[in-house]
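Examining the three-dimensional arrangement
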There are 2 protein chains.
Amino acid sequence: MTTFVAYQGEPGAYSEIAAGRVGTPIPQRSFTDVFEAVAHGQAALGAVPLENSLGGTIHENYDLLLKYPVRIVAETYVTIEHCLLGLPGATIAAATQALSHPQALAQCDRFFAEHPHLEAVVAYDTAGSAKMVRAAGQPNRLAIASERAATHYELEILARNIASHAVNITRFAIIEKSLGSPENQISDSSVLSLQSSVLRKVTVVFRLRHETGSLYQTLRIFAEAGINLTKIESRPFREQAFEYVFYADFIEPENRELCAQTLAELKETVPFLHVLGSYGRIEN
Amino acid sequence: MTTFVAYQGEPGAYSEIAAGRVGTPIPQRSFTDVFEAVAHGQAALGAVPLENSLGGTIHENYDLLLKYPVRIVAETYVTIEHCLLGLPGATIAAATQALSHPQALAQCDRFFAEHPHLEAVVAYDTAGSAKMVRAAGQPNRLAIASERAATHYELEILARNIASHAVNITRFAIIEKSLGSPENQISDSSVLSLQSSVLRKVTVVFRLRHETGSLYQTLRIFAEAGINLTKIESRPFREQAFEYVFYADFIEPENRELCAQTLAELKETVPFLHVLGSYGRIEN
């Protein structure tokens, strides 16, 4: 049976790479549409970016993870490698324009400085720029997009890794429909058969009152259980002043009883706790 | 004497609003150019976004804060209010296109769903879209940008607050050239005469070895001093595996001796500490 994986963007988008690692990608217009598709069963899984090494955490998707009845069942990392693509026969020397998403254009600013004859032209997204170059059929127009976009739109790769920053990685969550009670979030996917991952993580979202030492008291629970945090991030909670939302990831202890105890203790300490999932990592 | 404030973007950009609160804004092509202008004295101050309530922390600017000899001397918050702008006489009903940055277009997805006759067209940035509408001179083309962009490009505001999310705030740091030694970062600006701000903050960046409880031990220093953290965020440190970079903001104690003691204790605990500044808040 085909496992459909909803993602936001056009075919050839970096999100499609993440989705393609766990099933058959199906494109959606927005992040909300990805969550809708998973919540209502049009797709068994979804792939949504959680954070990027240059741009930071995508709060919008954490908000949607709290809003929709879904859970994280895997994480996967996609290296963003901007390639310069053109129609067969196109060359950098003969080209006049390079199209892409403004963020991708900005990330390639050094390349544009070194090639002043190329005009940077904005497009809706990276894969969309490849689609436009294919549709326009003019070899003087190039696109900045993924290698996958080159394959998808039958374009040639004129240059690889043209971004100014060497490292640009996006972390994606693979989501599926939630099983109901929060306790059930700590269980394996019913869709994905993940090979035993060395590093399993748990992601939690909790609120804290803005009192001196309240975060410290919360982290004591993890420290005393010998549990290692891999991510922590505070965010002002907009609906209630003086409360903060925290996102935290921790390494899931092999002893699941210890994990359950720690989460139970955490739940008693904080005014709000939501366990978003327990999951392994999918390699590319 | 005029205080020049470097910012990234076009006149009318949201960054220009932040810059305009402390002096005369001067536009720059990139964030790097803002830091270059401040470090080399072409501008006394700079205004750079640190985080957005939907999009998260802009890691690129934290990287630049560590790279350049600058310090934070103030923070200021800009509410992102997307307005629909048109030439005098333009109407939504008669328009066919609305131009803006892809992120702004995406943030107004509900508006586009309600006005299906309007085509969303990408532009390099929000203020740039207003500039293009003014230059094109066609009343069927609208722009999504700030109220300030309307004033700057002499456009009319056809609708206000058209974004789907009610709350969209960007936090900016006002930076100036560093005074040299890290201890001097905890001193008032030599350019800005800030009115005594109720809430003064200190921003620090530190690294931690990825050992269980190391963050907990570090937060103990703040908790025991009775110092309240307002932001904490981890980020994998890409140059060295198993080390994490943390960004933290805390309320500066009125007792500056206590602050200095706490920072000294922190410095002895972590492998790397950089104090980015001590500053008050500038209201709009």
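Residues numbered from 1 in each chain as written. Chains lettered and ligands numbered in written order. Predicted model: local features only at pLDDT ≥ 70, side-chain atom pairs only at ≥ 80, totals over all residues. Heavy atoms only, no water.

Taken as rigid bodies, chain A and chain B are interconverted by a rotation of 180 degrees and an axial shift of 0.0 Å, the fit giving an RMSD of 0.0 Å. Taken together, the turn and the small shift mark the pair as related by a two-fold rotation axis. Closest to the rotation axis within chain A is the C-alpha of Glu 233 of chain A, separated from it by 2.1 Å. (Least-squares fit on C-alpha atoms with pLDDT ≥ 70 in both.)

Turning our eyes to something else, we now look at the sheet that holds strand β6 (residues 83-86) of chain A. Through backbone hydrogen bonds, the strands of a sheet pair up, either in parallel or in antiparallel fashion. Residue and element names in this part refer to chain A. Ordered by their spatial adjacency, five strands build an open sheet running β8-β7-β9-β6-β10, and the pairing between neighbours is mixed. Edge strands, defined here as strands with exactly one partner in the open sheet, are β8 (119-122) and β10 (156-159). With strand direction ignored, the average angle separating the axes of adjacent strands in the sheet is 35 degrees. Bridge count for β6 against strand β9 (residues 141-145) is three bridges, and the pairing is antiparallel. (Pairing = 2+ DSSP bridges. Helix = DSSP H or I, 4+ residues; strand = E, 2+ residues; numbered from the N terminus. Axes fitted to C-alpha atoms, helices over the stretch in contact; angles between N-to-C directions.)

What follows concerns the pairing of strand β5 (residues 70-79) of chain B. Residue and element names in this part refer to chain B. Across the ten residues of β5, eight count as buried, placing the element largely inside the fold. Relative to strand β11 (residues 169-177), β5 is paired through nine bridges, and the arrangement is antiparallel. Following the sheet pairing, Val 70 is matched in β11 by Lys 177. The sheet contact formed by β5 and strand β15 (residues 272-282) spans four bridges and is parallel. Bridge pairing in β15 places Thr 76 opposite Ile 282. (Buried < 20%, exposed > 50% of the residue type's maximum accessible area, 1.4 Å probe, protein only.)

A word on the environment of Phe 112 of chain B. Looking at the element boundaries, Phe 112 of chain B is found in helix α5 (residues 109-114). Sequence-distant contacts of Phe 112 of chain B, defined by excluding residues within four places in its chain, comprise Ala 98, Leu 105, Leu 118, Glu 119, Ala 120 and Ile 144 of chain B. (Contact = heavy atoms within 4.5 Å.)

This next bit is on the interface of chain A and chain B. Facing 42 residues of chain A, the contacting portion of chain B comprises 42 residues. Overall, the association of chain A and chain B removes approximately 3,500 Å² of surface from exposure, summing both partners, and the carbon and sulfur fraction of that is 56%. Three residues stand out in chain A for area buried against chain B, namely Tyr 124, Thr 212 and Tyr 216 of chain A, and they jointly supply 18% of the buried area on that side. The tally of links between chain A and chain B comes to zero salt bridges. At the boundary of chain A with chain B, the tally comes to six residue pairs in polar contact (both at pLDDT 80 or more). Elements with a contribution of two residues or more to the side of chain A that touches chain B: β4 (56-57), α3 (59-67), α4 (102-107), α8 (214-224), β13 (229-236) and β14 (243-251) of chain A. A total of seven residues in the side of chain A that touches chain B trace back to one element, the largest contributor, which is β13 of chain A. (Buried area = accessible area lost by both parts, 1.4 Å probe. Salt bridge = Lys/Arg side-chain N within 4 Å of Asp/Glu carboxyl O. Polar contact = N/O pair within 3.5 Å; in protein donor to acceptor, adjacent residues only side chain to side chain.)

This paragraph deals with the nonpolar core. Within soluble globular proteins, side chains that are nonpolar generally end up buried alongside one another. Val 204 of chain A together with Val 204 of chain B are the most contacted members of the largest nonpolar core, which totals 44 residues. For Val 204 of chain A, the contacting residues outside a window of four places in its chain are Phe 246, Tyr 247, Ala 248, Phe 250, Leu 263, Leu 266, Leu 273, His 274, Val 275 and Leu 276 of chain A. Membership of the second largest hydrophobic core comes to 29 residues, among which are Ala 98 and Ala 159 of chain A together with Ala 95 and Leu 118 of chain B. (Core = buried A, V, L, I, M, F, W, Y, C linked by side-chain atoms within 4.5 Å.)

Attention shifts here to unusual backbone geometry. Residues and elements named next belong to chain A. With a phi angle near 50 degrees, Glu 154 is a residue other than glycine that sits in the positive phi range. Within the fold, Glu 154 resides in the loop between α7 (147-152) and β10. Residues other than glycine seldom take positive phi values, yet Asn 161 does so here, at roughly 50 degrees. Along the chain, Asn 161 falls in the loop between β10 and β11 (169-177). A relative accessible area of 48% means that Asn 161 is categorised as partly exposed.

Moving on, we get to the packing of helix α2 (residues 31-39) of chain B against helix α3 (residues 59-67) of chain B. A pair of packed helices can be characterised by two numbers: the angle between their axes and the separation between those axes. All names here are of chain B. Between α2 and α3, the shortest axis-to-axis distance is 10 Å and the interhelical angle comes to 25 degrees. Considering their axes alone, α2 and α3 lie roughly parallel with respect to each other. Between α2 and α3 lies a crossing whose hand is right-handed. Facing Phe 31, Thr 32 and Phe 35 of α2, the residues of α3 in contact are Glu 60, Asn 61, Leu 64 and Leu 65. Among the residues making up the contact of α2 with α3, the classes are represented as four nonpolar, two polar and one charged. (Parallel < 35°, antiparallel > 145°, perpendicular 65-115°, else oblique. Left-handed = near helix turned anticlockwise from the far one by under 90°. Nonpolar A, V, L, I, M, F, W, Y, C, P; charged D, E, K, R; others polar.)

Residues and elements named next belong to chain A. Along its sequence, chain A is carved into domain 1 (4-79 + 169-282) and domain 2 (83-159). When each unit is reduced to the centre of its C-alpha atoms, the spacing between domain 1 and domain 2 is 34 Å. Each partner contributes residues to the interface: domain 1 has ten residues there, and domain 2 has twelve residues. In total, about 870 Å² of surface goes out of reach between domain 1 and domain 2, with carbon and sulfur atoms giving 53% of it. Viewed at the interface, domain 2 and domain 1 are joined by two salt bridges. Residue contributions to the side of domain 1 that touches domain 2 peak at three residues, all from helix α1 (residues 14-20). Its residues assigned to classes, the side of domain 1 that touches domain 2 comprises six nonpolar, two polar and two charged. (Domains from an automatic or database assignment.)

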